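Summary of structural features
Chain by chain, the residues:
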Amino acid sequence: MGAEEIKKRSVVAVVRGASVESAVKIGQALLDGGVTALEITMETPQALSVLEKACEVFGDAMLVGAGTVLDAETARLAILAGARFIVSPTVNEKIIQMAKRYGVISVPGAFTPTEILHAFEQGADVVKVFPAGIAGPGYLKSISAPLPHIPLMPTGGIDQTNAKDYIRAGAVAVGVGSSLVDPSRALTDEYLREVTKQAEKLMAAVQSERIEAGKKEKESLQ
């Protein structure tokens, strides 16, 4: 389990500030829309309880992980609560080592080519390019050219209108937060249906780009 697992999911939904109840409802709405990777951020109140409940409820149907992990001890606690991947906003070698020790996916955040390469050399399975929105898909494409062996997951400023552009630029997956889910909103049936609809559109955009890329690759080999 590593980069291929993240690539298979294509989209990682980043959920901040969710309660135990709202995380489950949002997670189900996302799952109904085809999104099968959920990141619970650790600055969330009672984050470990939220994470543990999400892992319990969704099981193998949803790849559940921890985000905004700032130190190795938090990483360990998240893993013990069930996290199957660990995401951090920066490159912290001890966090990467902790993830590898427990056999979970390590996704540190980096921005420059030097940081990205360093993260990969330290054992990262996927490198989160963050904040991606300030540079755009063109930046990711420029990074991918000399570093094609490093799996990249842009996060920050990504929505259903530009997600396919990042996939086309070389991303193995995209991290999507507030444009997809907002736990601060009242979780009415109407809003949850909206989340499902947004998830469906996002997955459709990403998957269509993957299919197109596959066709082009096949044609280039003929």
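Here goes a summary of the coordinates provided. Keep in mind it's a predicted model, so treat the numbers as computed, not measured.

Counting 62 residues, the largest nonpolar core has Leu30, Leu38, Ile40, Leu51, Ile86 and Ile116 as its most contacted members. Ranked by the residues each element gives to this core, the list is headed by helix 9 (residues 189-221), at seven residues. Filtering out sequence-adjacent residues up to four positions away, isoleucine 116 remains in contact with Ala110, Phe111, Val127, Val129, Ile143, Leu147, Ile150 and Leu152.

Before going further, it helps to examine the sheet that holds strand 6 (residues 109-110). In space, the three strands of this open sheet follow the order 6-7-8, with parallel pairing throughout. Whereas interior strands pair on both sides, the edge strands pair on one side only; in this sheet they are strand 6 and strand 8 (152-154). Alignment of strand 7 (residues 127-129) against strand 8, held across three bridges, turns out to be parallel. Looking across to strand 8, one finds that valine 127 is bridged to leucine 152. Strand contacts of helix 6 (residues 113-121): strand 6, strand 7 and strand 8, with the helix running at about 160 degrees to strand 7, the strand carrying the most contacts. The strands that helix 7 (residues 137-144) touches are strand 7 and strand 8; relative to strand 8, the one it contacts most, it runs at about 170 degrees.

Parameters and conventions
- Residues numbered from 1 in each chain as written.
- Predicted model: local features only at pLDDT ≥ 70, side-chain atom pairs only at ≥ 80, totals over all residues.
- Heavy atoms only, no water.
- Core = buried A, V, L, I, M, F, W, Y, C linked by side-chain atoms within 4.5 Å.
- Buried < 20%, exposed > 50% of the residue type's maximum accessible area, 1.4 Å probe, protein only.
- Helix = DSSP H or I, 4+ residues; strand = E, 2+ residues; numbered from the N terminus.
- Contact = heavy atoms within 4.5 Å.
- Pairing = 2+ DSSP bridges.
- Axes fitted to C-alpha atoms, helices over the stretch in contact; angles between N-to-C directions.

Geometric values such as these leave the question of function open.
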